[in-house]
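Listed below, chain by chain, are the residues.
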Amino acid sequence: MYLPITLSALAHAIIHVHAQIPLPSTPYMPPNASSGAISSSSTKPNAQWSTLLGNVLYFYDAQRSGRLPSTNRVPWRNDSVLTDGQDAGVDLSGGYFDAGDYVKCTFPLSSTLMSICWGAMDFGAGYDNANQTAYLDSTIRWGMDWLINAHPHPRTLFVQVADSRTDTSYWGGDQNIPGPRPSFQINDISPGTDAAAQASAAFSSCSLLYSQTHIAPTSTPASLTNTSYAQILLTHAAQLYDFAVNASGGQRTYQTSVPQVAETYPSTSYGDDLAIAALLLALTNTSTALANTSVTNLTVADLTPARLFSQAQSFWTQYALSGQDGVFNWDDKTPALPVLFAQAALVRPDFATGHNSSSWTVEAERYFDRIISGKGRGVLTEGGLLWYGGDSDSASLNPALNVAMLMARYAPMASSPDKATAYRNFAQRQVDYALGKNPMSAPYVVGSNPNSPSNPHSALASGGNDIGAIDTIPAQEAYVLYGGVVGGPDRNDNFYDIRSDWPETEISLDYVAPMLSIAAYSVLTNPDDPFYTSVQPGAYAQRKPSGLPCDAAFQPCRVTSANTGPVLDMAMYCVEQGANFKR
C-alpha cells in the first residue's frame, strides 16, 4: 500500500508549517548597482558578499509564478497564470518560471532545489551570518510546495506546464501570458525515471536541511529546523524513488513518455539521477521516519539507510558512471556523486561497504585534477574560464560555477593540504572570472555593479511586448533583474549584452543556483570583497565587442569543425557537440 498520508492532510500540514521563519518587517531590497563599485571593510561577514547573497535570493522572488504573497518584494511583478493545472484537476499555479520565458519545468527545478538545499546544509551559516535565512526558507518553500502539488499521487508527477512553442512565441509581461497552458505528466504506465528520481533527490535534500542533518564533518546547516515539514518532504522523496525504480511502465527517460519536454529539457540518461536519489534518501532517517508504513514494492527494509546507500553504489557501477569527465548541471549529476559519496562515507562509516571513503576520494580527485591539469574535457579560455565544448556554448558560466561550487565543497576532504589549496584556488579563479575578472570587465550577475549585463533575456523584466523587436523595444530594459546570472561570454571571452542573444544573456533558475551556494560559502569564509568592487563604471563599455555574436541565436553562423570543416552552422555544430538548448 502507499504511504498512509492523504493529500488533504498534506495540505493542512503545509498551511501550518509554511511560515516557519517570519520575513523581516523591513524587507531586504537590493541596492543600486553603483554600490557594487565601492569597497567594504575586510571583515567577516563581508558586507558585499552578504549583499550578493541577498540579491541572488531576490532573483528567485522575481521568477515566482502564481498568486504572490503579501510579502512580495518585487514591485513590478503581478499575480500570473492562476489557472495552471486546472486542465488536470490540480493547482500548478505557483512555483517558478524557469528562465526568460513562462514555461515551468520540473526536471531542472528539482535539480536547482537539490543544489540549493545541499549548499544550505554545507554553507548554511553563511545565510545566517548575512541575515538571509528567512529568504532562503521562503525561496525553498515556494519551490518545494509547488513540487508537492505537482506530485498529487505516489506515481504521478507533472513535469511541465505550458507548451514551449506557444510560450516562446510570446514576448511580454506577466499579465497577458497566452494560453492554453497544458499540463504534462509522467505516471505509472508512462513513467520518467530521470524526472521522478531527480524530484526525489530534491525532496530528500531539502528534508535533510529542515531536519538539520550534517551531511559532512564540516557542514554548517542554515537555521531551518522544522521536523513536520521535513517529514512531508521525506514522504514525497520515498514515493518518488519507488516510482523511479518500480514503475509498471519500466525505466525510461521522461521525454520518451512526454515528447513535449524534448524541446525544453531533454534528459540524456537516468543512471545518475537514480544514484543521487538513492544516496540522498540514504542520508535521511528513512527507517525511523517511515516505520510501520510501506511504499509500493518497497518495504521498510528496502528504505534503510544502509540498503539505500548500497543501491546508490550499485547504480554507480551499473550505469558505468566512474571515469567520466562531463559537467555537473540539471542533466548530469555524475560529477557531484563522488563528492556526496565521500561526504556520506565520512559521516556514516557504517555505509562503507564495497567502496570506502578513500575510493570516493580517488574518484573525486581524478575528476578535479584532470580539470586543473587541462587533461579533462574542459579547457580554459584565453581569459581563464573553464569551457566545455557543447555545454558551454549555450551557457558558459554554469559549468564553471558548478565546478567551483563542487571544489569548494570538497576541499576540506582533500587527501592533502596541497590539493585542498589547489581546489580552492581554482574555484576562486572561476568565481572571480564570473564576477568581473575577465577580458570584458563584466560582472555577470545582473545589478551587482555598473558593468553588469543591462539586457538580460527575460520577458518578465524587459518591459517589451514585440517579439520581433526584442532588442529595441524598449531601448533600455524596464526592470533590473537583480541577482540573475546570465548565460555568459563566448569561447573567445566576448560578451555582447544583446537581449535577444539567449545563449549569452538568458537567465535561468539553474544558472543562478551555484552562485547562491558560492555566495553563502564566501560570506562564511572570505573577508575580502567580491572582485567586482574593483571594477569601476565604464570598464565594460570600453571593451564591449562590436558586431554580433557567433552562436545559436544568430544563425547561420559559420564555424570550423574538426569533423566536417568550415561548412557547418553553429546550431548543427552545437548538436554535434552534444549541447542542450533551452528555447
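Scroll up to find the structure this text is about.
Below or above, wherever it landed, is the structure these notes cover. The written sequence of each chain sets the order in which its residues are numbered from 1. pLDDT decides what is reported in this predicted model: residues at 70 or higher carry local features, side-chain atom pairs at 80 or more are listed and counted, and totals for whole chains, interfaces and linings draw on all residues regardless. Side-chain measures were taken over the full set of non-hydrogen atoms in the model, leaving aside hydrogen atoms and water.

Secondary structure elements are taken from DSSP: a helix is a run of H or I of four residues or more, a strand is a run of E of two residues or more, and numbering for both begins at the N terminus. When its secondary structure is counted, the chain shows 22 helices and 7 strands. Note on contacts: a residue pair qualifies if any of its non-hydrogen atoms lie within 4.5 Å across the two residues. In the chain, 76% of the contacts between residues at least 6 apart in sequence involve partners at least 24 apart.

Here the focus is the nonpolar core. Buried residues of nine kinds, namely Ala, Val, Leu, Ile, Met, Phe, Trp, Tyr and Cys, make up a nonpolar core once their side-chain atoms join them within 4.5 Å. Per-residue accessibility, obtained with a 1.4 Å probe over protein chains only, is compared with the maximum for each type, and a residue is labelled buried under 20%, exposed over 50%, and partly exposed between these values. Ranked by internal contacts, the top residues of the largest apolar core, which has 167 residues, are Tyr 60, Ile 140 and Met 515. With 11 residues, helix α7 (residues 193-210) is the largest single contributor of residues to this core. The contact partners of Ile 140, leaving out residues within four places of it in the chain, are Leu 113, Ile 116, Cys 117, Cys 206, Leu 209, Tyr 210 and Leu 224.

Turning our eyes to something else, we now look at the pattern of salt bridges. Within this document, salt bridges are pairs made up of a side-chain nitrogen of Lys or Arg and a carboxyl oxygen of Asp or Glu, the two lying within 4 Å of each other. Counting across every chain of the model gives 20 salt bridges. Note that Arg 370 and Asp 325 form a salt bridge whose closest N and O atoms lie 2.9 Å from each other. Taken as a pair, Arg 370 in helix α14 (residues 357-373) and Asp 325 in the loop between α12 (305-318) and α13 (337-347) lie far apart in primary sequence, 45 residues in all. Judged by relative accessible area, Arg 370 falls into the partly exposed class, the value being 29%. Here Arg 366 makes a salt bridge to Glu 363, at a shortest N to O gap of 3.5 Å. Remark: Glu 363 and Arg 366 occur in helix α14; sequence separation between them is 3 residues, near one turn of the helix. Relative accessible area serves as the criterion here: at 25%, Arg 366 is assigned to the partly exposed category. Among the residues examined, Glu 363 registers a relative accessible area of 11% and is labelled buried. Salt bridges here are not isolated pairs; linked through shared partners, they connect Asp 84, Lys 104, Asp 167 and Arg 181.

What follows is about the environment of Ser 65. Inspection of the secondary structure puts Ser 65 in the loop between α2 (47-62) and β1 (104-105). A residue is classified by how much of its surface remains accessible, and Ser 65, at 0% relative accessible area, is buried. Not counting the four nearest positions on each side in its chain, Ser 65 is found in contact with Ser 80, Val 81, Ser 93, Gly 94, Gly 95, Tyr 96, Phe 97, Lys 104 and Trp 142. Any pair of N or O atoms that falls within 3.5 Å is considered a polar contact. Within protein, one atom must be able to donate a hydrogen and the other to accept it, and sequence-neighbouring residues count only if both atoms are side-chain atoms. Here the side chain of Ser 65 touches Gly 94 through a polar contact of 3.4 Å, landing on its backbone oxygen. A polar contact of 3.0 Å, which involves the side chain of Ser 65, links it to the side chain of Lys 104.

To continue, consider the pairing of strand β2 (residues 156-161). On a regular strand, one side chain projects to one face of the sheet and the next to the other, so that they alternate. Most of β2 sits out of view: 6 of its 6 residues are buried. Between any two strands, at least two bridges found by DSSP are needed for them to pair. In this sheet, β2 lies alongside β1 in antiparallel orientation, the contact comprising 2 bridges. From the neighbouring strand, Cys 105 faces β2, where its bridge partner is Gln 160. Of the strand pairs in this sheet, β2 and strand β3 (residues 183-187) are connected by 5 bridges, and their pairing is antiparallel. Considered in β3, the bridge of Phe 158 is made with Gln 185.

Ordered in space as β1-β2-β3, the 3 strands form an open sheet in which the pairing is antiparallel. Only two strands of the sheet have a single neighbouring strand rather than two, namely β1 and β3.

Moving on to the state of the cysteines. Two cysteines, two sulfur atoms, one covalent bond between them: this is a disulfide. The disulfide criterion used throughout: a pair of cysteine sulfur atoms within 2.5 Å. The final tally for this structure, using the stated rule, is 1 disulfide. At a sulfur-sulfur separation of 2.0 Å, the disulfide partner of Cys 117 is Cys 206. Disulfide Cys 117 to Cys 206: torsion about the S-S bond roughly 90 degrees, handedness right-handed. Linking Cys 117 in helix α3 (residues 106-122) with Cys 206 in helix α7, this pair joins segments that are 89 residues apart in sequence.

Counting buried residues in α13 gives 9 out of 11 residues, a clear majority hidden from the surface. Burial in α13 covers these residues: Leu 337, Pro 338, Val 339, Leu 340, Phe 341, Ala 342, Gln 343, Ala 344 and Ala 345. Summarising the contacts, the buried residues of α13 are in contact with α3, α10 (271-283), α12, α14 and α16 (397-410).

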